[in-house]
Amino acid sequence: MKKRSEFLNGAVSGIPIALGYLSVSFGFGIMAVSAGLTLFEAFMISLTNLTSAGQAQGVLVIASGGTLIEMALVQLVINIRYSLMALSLSQKLDKSFTFPHRLLAAYGITDEIFAVCSTKEGTLSPSYMYGVITVSTAGWVLGTFLGGAAGELLPKAISSALGIVLYGMFIAIIIPPAGKHKNILFVVAAAAAMSTAVHYLLPSVSGGFSVILCGIAASVLGALIFPQKDEEAEK
Amino acid sequence: MSIAIYILVMAGVTYIIRMVPFAFFRKKINSVFLKSLLYYVPYAVLSAMTIPAIFYSTGNIYTAIAGTVVALILAYFDLPLIVVALSASAAAFIIGIVFGIVPL
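Given the structure is predicted, the values throughout are model-derived calculations rather than measurements. (Residues numbered from 1 in each chain as written. Chains lettered and ligands numbered in written order. Predicted model: local features only at pLDDT ≥ 70, side-chain atom pairs only at ≥ 80, totals over all residues. Heavy atoms only, no water.)

Student: I'd like to hear about the overall build of chain B, residue by residue, with values.
Tutor: Scanning chain B from N- to C-terminus turns up 4 helices and 0 strands. Sequence-ordered secondary structure for chain B, helices as α and strands as β, is α-α-α-α. Expected size for 104 residues packed as a compact globule is a radius of gyration near 13 Å; at 19 Å, chain B overshoots this value by more than 25%. By principal-axis analysis of the C-alpha atoms, chain B measures approximately 55 × 40 × 20 Å. In chain B, which comprises 104 residues, the share counted as buried stands at 47%. Across chain B, every contact between residues at least 6 apart in sequence was considered, and the portion connecting residues at least 24 apart equals 36%. Total accessible area computed for chain B in this model is approximately 5100 Å², and 77% of it derives from carbon and sulfur atoms. (Helix = DSSP H or I, 4+ residues; strand = E, 2+ residues; numbered from the N terminus. Rg over C-alpha atoms; globule rule 2.2 N^0.38 Å. Buried < 20%, exposed > 50% of the residue type's maximum accessible area, 1.4 Å probe, protein only. Contact = heavy atoms within 4.5 Å. Areas by Shrake-Rupley, 256 points an atom, 1.4 Å probe, with all protein chains shown as cover.)

Student: Account for the environment of Gly14 of chain A, naming residues and giving values.
Tutor: Residue and element names in this part refer to chain A. Locating Gly14 in the fold gives a position in helix α1 (residues 6-34). Measuring from C-alpha to C-alpha, the distance between Gly14 and Ile164 comes to 25 Å, with 150 residues separating the pair along the chain. Those residues in contact with Gly14 that lie beyond four places of it in its chain are Val132, Val135 and Ser136.

Student: Please set out the packing of α1 of chain A against helix α10 (residues 165-180) of chain A residue by residue, giving values where relevant.
Tutor: Residues and elements named next belong to chain A. One can describe the packing of α1 onto α10 by two numbers: an axis separation of 8 Å at closest approach and a directional angle of 135°. For the element pair α1 / α10, the angle class is oblique. Between α1 and α10, the residues in contact are Ser23, Val24, Phe28 and Met31 and Val165, Leu166 and Met169, respectively. A class-by-class count of the residues in the contact of α1 with α10 yields 6 nonpolar, 1 polar and no charged. (Axes fitted to C-alpha atoms, helices over the stretch in contact; angles between N-to-C directions. Parallel < 35°, antiparallel > 145°, perpendicular 65-115°, else oblique. Nonpolar A, V, L, I, M, F, W, Y, C, P; charged D, E, K, R; others polar.)

Student: Could you give an account of unusual backbone geometry, with specific residues and numbers?
Tutor: All names here are of chain B. Going from Ile51 to Pro52, the amide bond is cis rather than trans, its omega being 5°. Tracing the backbone shows Pro52 in the loop between α2 (32-50) and α3 (61-76). Notably, Asp78 is not glycine yet its phi reads approximately 65°, a positive angle.

Student: How would you summarise the domain arrangement of chain A if you had to cite specific residues and measurements?
Tutor: It is common to report an interface's size as the accessible area lost on association of the parts. All names here are of chain A. As far as domains go, chain A holds domain 1 (6-169) and domain 2 (181-235). Relative to domain 2, the C-alpha centre of domain 1 lies at a distance of 23 Å. If you look at the interface, domain 1 gives 6 residues, while domain 2 gives 7 residues. In total, about 550 Å² of surface goes out of reach between domain 1 and domain 2, with carbon and sulfur atoms giving 79% of it. Where domain 1 packs against domain 2, one counts 0 salt bridges. Here domain 1 and domain 2 share 1 residue pair in polar contact (both at pLDDT 80 or more) between them. With 5 residues, the top contributor of residues to the side of domain 1 that touches domain 2 is helix α4 (residues 68-79). Considered class by class, the residues forming the side of domain 1 that touches domain 2 number 4 nonpolar, 1 polar and 1 charged. (Domains from an automatic or database assignment. Buried area = accessible area lost by both parts, 1.4 Å probe. Salt bridge = Lys/Arg side-chain N within 4 Å of Asp/Glu carboxyl O. Polar contact = N/O pair within 3.5 Å; in protein donor to acceptor, adjacent residues only side chain to side chain.)

Student: Quick one: what's the story with the nonpolar core, residue by residue and with numbers?
Tutor: Core analysis: the biggest nonpolar cluster contains 85 residues, and Ile45, Leu89, Cys117, Met129 and Phe170 of chain A together with Phe22 and Met49 of chain B have the highest contact counts within it. In terms of residues, this core owes the most to one element, α10 of chain A, which gives 10 residues. Taken domain by domain, the makeup of this core includes at least three residues from each of domain 1 (6-169) and domain 2 (181-235) of chain A. Residues contacting Met129 of chain A, with those up to four places away along its chain left out, are Leu89, Phe97, Ala105, Ile109, Cys117 and Leu124 of chain A together with Phe22 of chain B. (Core = buried A, V, L, I, M, F, W, Y, C linked by side-chain atoms within 4.5 Å.)

In structure tokens, the structure reads:
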């Protein structure tokens, strides 16, 4: 019996990710174009960044005419979790994962791709990871393109309602663990409270910086009050 | 400022964040504080990004509140990301139409 190639295995694992990405990036495409970006710019952001939260906040920074420093810091804080995932994945790579492969595959470390790759049995090969990344990225950029292109054609009632899609996904990520662990609930509530306070009490602070400040402050509070032991941090 | 430069900075920073630990890092982080901090950052950042921005995401605060409530309830019951996200959007759409807030 012929064994399926590692690339194909990865590609198959990537299909559910691609379907999820398709609809979320559709929302991103609409959001980016309605914020004043061209379809090509929205497409390029998705192709080069491959991340939902960072892209959404990045578009807001562009739309509000923020500085490049703000843009860099926003991306750093929002996406720093990928460093942790990259670190964790790096322990699992097989011998064929040479330095050039690592440079290339690093591009595709997202929450969902990390989840699939890190839970795969055994070691991780470049081919498998490329399979997952290729299919997932295709879904992400296609959705962005369709959303950006269709956004203007859709009735206002639909396109405006789709503006909430990305935020709905964020809620779906943070609420289940917050319901199960009081330390996460604390961090989530603290961040939301601070962000609301900054928004209404300090309106001159831009959205990007508010996310950085509140995100770090709530995480520091969490780390001080509820330090994580090794096993818990793995979850 | 040119949008291309913004995109370059976005993509560059995001890539470096992924690449450096993946390609170079070989040691384990031992500081409990640092590990805890990294563990909490995604939750804190997503929460700060979502609240209060979600209430302005549909252009109307009432349709946005409807979407938020639906998302919170479905997320609490651990439904898949995509179900939660699209249901939030559907709720905002329906409230907008039913109450004539947003013209079809």
